[in-house]
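Spelled out from the first residue to the last, the chains are:
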Amino acid sequence: MKVLVANLGSTSFKYRLFDMTDERQLARGGVERIGSSESQCFVEIAGRRSELITQAPDHAAAVKLCLQQLTDPESGCLKQADEVAAIGFKAVHGGRISGVQRVTPEVLAAMEEMSLAAPAHNPPYIAAMRLLGEQLPDIPLVAAFETGFHATIPEARKRYAIPTEWADKYQVKRWGFHGASHRFIAERTAELAQRDDLKVISCHLGGSSSLTAIDSRKSVGTTMGMSPQSGLPQNNRVGDFDIYSLPLLMQATGKTLEETLETLASQGGLYGLSGGLSSDMRDLEQAAGEGNQLAQLALDVYVSEIRRYLGGLLIELGRLDWLVFTGGIGENGAEIRESVCRNLADFGIELDQAANQEKSSGERKISTPGSRVEIWVVPTNEEIVVARQTQQCLTG
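Going by the annotation in an unreviewed UniProt entry, the name recorded for the chain is Acetate kinase, with Lignipirellula cremea given as the source organism. In UniProt, the chain has this text filed under Subunit (unreviewed entry): "Homodimer." Regarding the chain, the relevant UniProt record gives this comment under Catalytic activity (unreviewed entry): "acetate + ATP = acetyl phosphate + ADP".

In structure tokens:
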């Protein structure tokens, strides 16, 4: 079975194609600037990259372009397009519908109900899924919701202190996100340790960040809540925020609720803390090294919030076996990892400074020989998780 895993933006379509017989990646590619007169289509197969400038008026046209490249007689890896058994989507928020689902009108309706909670994610996925369903009816579409991995979190850690009706009727709960990444870490750490009872804290740190407590491969607590805006400070999204500040800000600035929320979603996070300098961790670390105090403040707040949540999740687990860093910052940010682990020896967390500073890539242990908690860097692979879930959905 061959599965194409899609990652959608409002004007982009990116994919990876897997042969699920051995989970081998056959190709990666995508289309940028969808809707433009000069859309950029690319594909990489066996290390060879080819590019094409053409027109892709919508996501369905973009998928067709990609399938044409994949079936090219000279450079493609497929004989015909119907070798693609399904398209799997790393869907974000379905509220009352979660887990892994064939895309149906009911699934799309559930996603629409949650669009206000995931405004940057749900609308482009809904539009593209609907269009693909209409124009490519022979290819099954599967939604693997990010919230699904967190279904095992105890109810006491899901609920806000709000009227029960709001939770039951309007789905206002702590749902959690980055499910594909945390699921990969849960499965991979169990394989590496050869244990199914491992207690892990997975730190997915990147443009969007979250921590998840994992007990025996299951999520038992996470930092994100009702929306991907919550939890840790994101690159330009606010993270945790007191909602009673909203009326004060609206009165002081004259902005509407929609305008205020847009500011929090686009000018908050690391970008806002740094005074609009940058949302990129590399820029902030360089500026902080040159004495920029706001850049340093952004780094300090980010690390402080990670440590605050780390402590809470550790208490919930009762014991910690592995601390794992993943995501763009987690995998490459040696200084962030060092700051997060600083002075935690009394909790059994001891970082090996030399191992942490090594520029190697891939999976590696970075704790000292005497550390009770093993500290690891494990590159995530969200796409293979979605491919596996898509295959399981189709085969039952």
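Novice: Please clarify how the sheet that holds strand β13 (residues 364-365) should be interpreted in this entry.
Specialist: Note on sheets: strands pair through backbone hydrogen bonds, and any given pair is parallel or antiparallel. Strand order in this open sheet of 6 strands is β11-β10-β9-β12-β14-β13, and the pairing throughout is mixed. Lying at the two open borders of the sheet, with one neighbouring strand each, are β11 (218-222) and β13. As paired elements, strand β12 (residues 322-326) and strand β14 (residues 374-377) share 4 bridges and run parallel to each other. Looking at β14, one finds that Phe-325 is bridged to Val-377.

Novice: I keep staring at the UniProt feature "site: Transition state stabilizer" (unreviewed entry) in the chain and nothing clicks. Help me out?
Specialist: The UniProt entry lists His-178 and Arg-237 under the feature "site: Transition state stabilizer" (unreviewed entry), expressed in the numbering used here. Note on placement: His-178 falls in the loop between α4 (164-170) and α5 (179-193). Apart from the residues lying within four places of it in its own chain, the contact partners of His-178 are Glu-146, His-204, Ser-208, Ser-209, Ser-210 and Met-224. Locating Arg-237 in the fold gives a position in the loop between β11 and α6 (245-253). Those residues in contact with Arg-237 that lie beyond four places of it in its chain are His-121, Ser-208, Met-224, Pro-228, Gln-229, Leu-264, Ala-265, Gly-268 and Gly-269.

Novice: Help me out: how do you make sense of the pattern of salt bridges in this one?
Specialist: If the charged atoms of two oppositely charged side chains come close together, the side chains can form a pair. A complete count under the given rule lists 28 salt bridges for this structure. The partner of Arg-28 in a salt bridge is Glu-44, and the shortest N-O contact between them spans 3.4 Å. In this pair, Arg-28 sits in strand β3 (residues 24-32) while Glu-44 sits in strand β4 (residues 39-45), placing the two residues 16 residues apart along the sequence. Given the relative accessible area of 29%, Arg-28 is considered partly exposed. For Arg-282, the salt bridge goes to Asp-280, with nearest N and O atoms at 2.7 Å. Asp-280 gets classed as partly exposed once you look at its relative accessible area, which sits at 24%.

Novice: I'm lost on the side chain of Thr-260 in this one. Help?
Specialist: Note that Thr-260 resides in helix α7 (residues 257-266). Other than its neighbours up to four places away in sequence, Thr-260 contacts Leu-246, Leu-249, Met-250 and Lys-255.

Novice: Could you clarify how one ought to interpret the sheet that holds strand β5 (residues 48-54) in this entry?
Specialist: Pairing is mixed in the open sheet, where 8 strands are placed in the order β5-β4-β3-β2-β1-β6-β8-β7. For this open sheet the edge positions go to β5 and β7 (100-102), each flanked by a neighbour on one side alone. When the angles between neighbouring strand axes are averaged without regard to direction, this sheet yields 20°. Contacts from helix α1 (residues 59-70) reach β1 (2-9), β2 (12-19), β3, β4, β5 and β6 (84-89), with the element oriented near 40° to β2. Its contacts with the sheet put helix α3 (residues 122-135) on β1, β6 and β8 (141-144), and the angle it makes with β1 is roughly 135°.

Novice: Even after reading the chapter, I still don't get the environment of Ser-209, so can you show me in this structure?
Specialist: Its location among the elements puts Ser-209 in the loop between β9 (199-204) and β10 (210-215). In this structure Ser-209 comes out as buried when scored by relative accessible area, which is 0%. For the pair Ser-209 and Pro-369, spaced 160 residues apart in sequence, the C-alpha separation works out to 28 Å. What Ser-209 contacts, discounting residues up to four positions off in sequence, is His-178, His-204, Met-224, Leu-232, Gln-234 and Tyr-302. For Ser-209, the side chain forms a polar contact with the main-chain nitrogen of Gly-206, separated by 3.1 Å. A polar contact is formed between the side chain of Ser-209 and the side chain of Tyr-302, at a distance of 2.9 Å.

Novice: What is the right way to look at the packing of helix α10 (residues 293-317) against helix α12 (residues 334-341) in this model?
Specialist: Between α10 and α12, whose axes approach to 9 Å, the crossing angle comes to 50°. Considered as vectors, α10 and α12 are oriented oblique to each other. Crossing of α10 over α12 shows right-handed handedness. Packed against α10, whose contacting residues are Leu-299, Tyr-302, Val-303, Ile-306, Arg-307 and Leu-310, the element α12 presents Ile-336, Ser-339, Val-340 and Cys-341 at the interface. Its residues assigned to classes, the contact of α10 with α12 comprises 8 nonpolar, 1 polar and 1 charged.

Conventions we followed
Residues numbered from 1 in each chain as written. Predicted model: local features only at pLDDT ≥ 70, side-chain atom pairs only at ≥ 80, totals over all residues. Heavy atoms only, no water. UniProt positions renumbered as here; feature names shortened; annotations may be inferred. Pairing = 2+ DSSP bridges. Helix = DSSP H or I, 4+ residues; strand = E, 2+ residues; numbered from the N terminus. Contact = heavy atoms within 4.5 Å. Salt bridge = Lys/Arg side-chain N within 4 Å of Asp/Glu carboxyl O. Buried < 20%, exposed > 50% of the residue type's maximum accessible area, 1.4 Å probe, protein only. Axes fitted to C-alpha atoms, helices over the stretch in contact; angles between N-to-C directions. Polar contact = N/O pair within 3.5 Å; in protein donor to acceptor, adjacent residues only side chain to side chain. Parallel < 35°, antiparallel > 145°, perpendicular 65-115°, else oblique. Left-handed = near helix turned anticlockwise from the far one by under 90°. Nonpolar A, V, L, I, M, F, W, Y, C, P; charged D, E, K, R; others polar.

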